[in-house]
Amino acid sequence: MGKTATESVTLPNELDIKAAGPLAAELLAARGKDLALNASQIERVGGQCLQVLLSAAATWAADGAELTIEEPSPAFFDAIQTAGLDLTQFTARSN
């Protein structure tokens, strides 16, 4: 079997506490597929959504699938740096 195509999801501009549940559900629906998350539109990021994205990276890594962040906005970079994190923590490479 060949490698499946990577799906792409554009993240909303506000990843606040209200977005955490829907984000988790959307990621869960895409589980098992290689996934690229476009972060170019993000203007605000809360800790809850950072946790959801970190959990997704760990899940994708455990599943042997690929998860990438594409075009991270300055606000996304600022949020992960403020949290003491690195962009590589939000990605998973396929085996």
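Everything here concerns the structure above.
Bear in mind that the values here come from a model prediction, so they are computed numbers and not experimental data.

Draft legend 1. Quick look at the sheet that holds strand β3 (residues 35-38). With respect to topology, three strands assemble into an open sheet ordered β1-β3-β5, the strand pairing being parallel. Edge positions in the sheet fall to β1 (7-10) and β5 (67-70), since each has one partner strand and no second. Sheet twist, expressed as the mean angle between neighbouring strand axes with direction ignored, is 25°.

Draft legend 2. Expanded view of unusual backbone geometry. Even without a glycine there, the phi angle at Glu-71 is positive, about 50°. Looking at the secondary structure, you find Glu-71 in the loop between β5 and α3 (74-82). Residue classification places Glu-71 among the exposed positions, given a relative accessible area of 52%.

Draft legend 3. Quick look at the environment of Glu-66. Considering the arrangement of structural elements, one finds Glu-66 in the loop between α2 (47-63) and β5. On the accessibility criterion, Glu-66 (22% relative accessible area) is partly exposed. Sequence spacing of Glu-66 and Thr-6 is 60 residues, and the spatial spacing of their C-alpha atoms is 8.2 Å. Residues in contact with Glu-66, not counting those within four places in the same chain, are Lys-33, Asp-34, Leu-35, Trp-60, Ala-92, Arg-93 and Ser-94.

Draft legend 4. Focus on α3. Among all positions in α3, only Phe-76, Ala-79 and Ile-80 are buried. Taken down its axis, α3 places every buried residue within 95° of arc, on the same side. Across α3 from its buried face, at more than 90 degrees, point the exposed residues Pro-74, Gln-81 and Thr-82. Those residues of α3 hidden inside the fold are in contact with β4 (44-45), α2 and β5. With its phi angle positive at about 75°, Gly-84 sits one or two positions after the end of α3.

Calculation notes
- Residues numbered from 1 in each chain as written.
- Predicted model: local features only at pLDDT ≥ 70, side-chain atom pairs only at ≥ 80, totals over all residues.
- Heavy atoms only, no water.
- Pairing = 2+ DSSP bridges.
- Helix = DSSP H or I, 4+ residues; strand = E, 2+ residues; numbered from the N terminus.
- Axes fitted to C-alpha atoms, helices over the stretch in contact; angles between N-to-C directions.
- Buried < 20%, exposed > 50% of the residue type's maximum accessible area, 1.4 Å probe, protein only.
- Contact = heavy atoms within 4.5 Å.
- Arc of directions from axis to C-beta.

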